[in-house]
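# Summary of structural features
Next come the chains, spelled out residue by residue.
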2 protein chains.
Amino acid sequence: MKSIIEWSLAGLLAAVLALGATVARAADPLPSWNDGPAKAAIVAFVDKVTKPGSPDFVPEPERIATFDNDGTLWAEQPMYVQLFFALDRVKALAPQHPEWKSTQPFEAVLEGDMKSLAASGEKGLVTLDMATHAGMTTTEFEKIVRDWIATAKHPTTHRLYTKMVYQPMLELLAYLRASGFKTFIVSGGGIEFMRPWTNEVYGVPPEQVVGSSIKTKYELREGKPVLVRLREINFIDDKDGKPVGINEYIGRRPIAAFGNSDGDLQMLQWTTAGDGARFALYVHHTDAEREWAYDRTSTFGRLDKGLDEAKAKGWTVVDMKKDWKVIFAADR
Amino acid sequence: MKSIIEWSLAGLLAAVLALGATVARAADPLPSWNDGPAKAAIVAFVDKVTKPGSPDFVPEPERIATFDNDGTLWAEQPMYVQLFFALDRVKALAPQHPEWKSTQPFEAVLEGDMKSLAASGEKGLVTLDMATHAGMTTTEFEKIVRDWIATAKHPTTHRLYTKMVYQPMLELLAYLRASGFKTFIVSGGGIEFMRPWTNEVYGVPPEQVVGSSIKTKYELREGKPVLVRLREINFIDDKDGKPVGINEYIGRRPIAAFGNSDGDLQMLQWTTAGDGARFALYVHHTDAEREWAYDRTSTFGRLDKGLDEAKAKGWTVVDMKKDWKVIFAADR
């Protein structure tokens, strides 16, 4: 049984927390969002699932929100950041691989011949991935990623990639967490490419990141255990793979999901097909001046079927140009 | 900038929390543990990693603890609970499969012929698993597990399996969580067999359960998305698979790991090989009266190499007979 002291403490604590919540609520949790249907829909959803006694109330542990990364939380043009990483790694490793000078797709990368690289197709990209992402231990790979992300810059904005994250989405992540949500990343990107920096940049810890992966193998090297990254795909966390990954890694169906491309469509379908209040949102890239404008025909982040389904089903579509006061965290 | 009101609130809150922590600390967090080297080692480890300013201090988000399930958190004799589940499912499904009457290993199960079942080996068990764990949707399987675990009883104790969880380990889980640890299950058992009940029984939510799995496939059935469980193994979370699973699902190396068999050895090796303070514990089944006594030659939960390595490396070994005042949660 609880002692009187404990009960009094609990009461005092509750009062302090309630007062703190009131103070916090007074401020706009989404200051970089213009007033409009997207912002209103987000706030209305959060209000109804968090209000005790509301018919749509969702207990805190079930408030799972999943976010795509490329194009949803950070920029993905003119190509995925991880692809820039792979190309930089090819250049860094080239001295140890003289044969790459005359082998595709490496030759194309080393000569900056993007046309030949594109012509190498998915097979070419997988070859690049395996050459640059596998063969080392997980600890070694983590260091490679950390070193690269700390200094690599975008070719046209000349900014660190971690400064090309969307300020309004950072606010949305924080708002959801302050409202008792657990926020996850569910991305087609490499799980071990994201985990070294998602906590610092998005406030999403490694154990809440789901992504694509290659297989690893446990080994003892001179008695010391290591995990070696193998040249073999383990899981592709894209399209149909997103609900599969959510089920496998999280084990709960999200009540809210956020994406920007057809690769996120199945995640949004899966999320909204659950019982009770659900929320699905697409970020639509409409701002050619402050960012990029693209959708139905884009090579990276194509949004075509998803845009039609969003309209048909009444999902929230963010018009970046209209809905966001600022785009990048760096602009703030 | 924080307002004066917020600062005052924060100060008051900190004072209340500190006072609450002092009150809580006065009580023994592990009342079902006898005083002895195992309990002392646990408490000493928790104290040093949680004490600010200690050279061994670990920030809260990095306090990851992983627990095996079978034989570590609940009983695994005379065989794994999930195997009882599979056998019960064969019996329940038999009317729809008349051919099972004359097909091994089903025939053995239906006739209660454990010798022939054992003779069917791992191949036989996988066949049983696929027949009983696959073919339905994830939602259907979850319901099957929930219904079974709510009523199925152990053949000799006649208790619900969820009452055959170890009271001292429940206290340990709660103690670690109260000390800022995030507790995970990392089990060779099926991830979707565990997730429906681990939160209620252990306080471990679905997203903190790692286990073995079969592949799933995303489908739209009459426009409604489902995940279908396929007859294909996805991942075996045992032995070498445990560090692989920890890296893939959690993405951080634990600072403490708890197991009871050789299947947990690599998890304990991986955990203790990290930098800074680390803790590894084996539960040794030594109590033939209150539970079961087994180790080096047991079919289920064999502890042989692990016991030698624990002694060589100074890992904590729990002597269930000596160290635990009560065994099962039901005995309390």
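Quantities reported herein were computed from a predicted structural model and do not represent experimental measurements.

### Some words on the confidence of the model for chain A
Within chain A, residue pLDDT values average 93, and 92% of them lie at 70 or more. This complex was scored by the predictor with a pTM of 0.92 and an ipTM of 0.91.

### Let's talk about a nonpolar patch on the surface
Taken together, the side chains of Val126, Ile233 and Ile236 of chain A define a hydrophobic patch exposed on the protein surface, amounting to about 230 Å² of accessible area. Inspection of the secondary structure puts Ile233 of chain A in strand β4 (residues 224–235).

### Side note on unusual backbone geometry
Residue Pro105 of chain A is reached from Gln104 of chain A by a cis peptide bond, and omega for that bond is 0°. With an omega of 0°, the peptide bond running from Gln77 of chain B to Pro78 of chain B counts as cis. Locating Pro78 of chain B in the fold gives a position in the loop between β1 (64–67) and α3 (81–93). Of note, the phi angle at Glu222 of chain B is positive, near 50°, even though the residue is not glycine. Here Glu222 of chain B lies in the loop between β3 (209–221) and β4 (224–235).

### Topic: the side chain of Ser32 of chain B
All names here are of chain B. As for its placement among the helices and strands, Ser32 is situated in the loop between α1 (4–26) and α2 (37–50). A residue is classified by how much of its surface remains accessible, and Ser32, at 6% relative accessible area, is buried. Of note is the side chain of Ser32, whose polar atom sits 2.5 Å from the side chain of Glu171. Apart from residues no more than four positions distant in its own chain, Ser32 is found in contact with Gln167, Pro168, Glu171, Asp323, Trp324, Lys325 and Val326.

### Observations concerning the pairing of strand β6 (residues 279–286) of chain A
Side-chain direction in a regular strand flips from residue to residue, so the side chains alternate between the two faces of the sheet. Residues and elements named next belong to chain A. Along β6, seven of the eight residues are buried, which leaves the element largely enclosed by surrounding structure. One ladder, built from four bridges, connects strand β5 (residues 256–259) with β6; its direction is parallel. Considered in β6, the bridge of Gly259 is made with Tyr282. As a crossover connection, the stretch from β5 through helix α11 (residues 265–272) into β6 is right-handed. Where β6 lies against strand β8 (residues 316–319), four bridges are found, and the strand directions are parallel. Counted as the bridge partner of His284 is Asp319 from β8. Direction of pairing for β6 relative to strand β7 (residues 293–294): antiparallel, over a ladder of two bridges. From the neighbouring strand, His285 faces β7, where its bridge partner is Tyr294. Taking the residues between adjacent antiparallel strands as the criterion, β6 and β7 are bridged by six residues.

### What to know about helix α6 (residues 121–133) of chain B
Residues and elements named next belong to chain B. If you check α6, its first and last C-alpha atoms are 18 Å apart, about what 13 residues at 1.5 Å a residue would give, namely 18 Å. Here α6 has its buried residues at Gly124, Leu128, Met130, Ala131, Thr132 and His133. Its buried side turned inward, α6 meets α3, α4 (106–110), α5 (114–119), α7 (138–151), β3 and β4. At the exit of α6 stands Gly135, carrying a positive phi of roughly 100°.

About the thresholds
- Residues numbered from 1 in each chain as written.
- Chains lettered and ligands numbered in written order.
- Predicted model: local features only at pLDDT ≥ 70, side-chain atom pairs only at ≥ 80, totals over all residues.
- Heavy atoms only, no water.
- pLDDT = per-residue confidence, 0-100.
- Patch = residues over 30% accessible without salt bridge, like charges linked within 9 Å, V, L, I, M, F, W, Y side chains within 5 Å.
- Areas by Shrake-Rupley, 256 points an atom, 1.4 Å probe, with all protein chains shown as cover.
- Salt bridge = Lys/Arg side-chain N within 4 Å of Asp/Glu carboxyl O.
- Helix = DSSP H or I, 4+ residues; strand = E, 2+ residues; numbered from the N terminus.
- Buried < 20%, exposed > 50% of the residue type's maximum accessible area, 1.4 Å probe, protein only.
- Polar contact = N/O pair within 3.5 Å; in protein donor to acceptor, adjacent residues only side chain to side chain.
- Contact = heavy atoms within 4.5 Å.
- Pairing = 2+ DSSP bridges.
- Right-handed = clockwise from strand over helix to strand, strands pointing away.
- Expected span 1.5 Å × (residues − 1).

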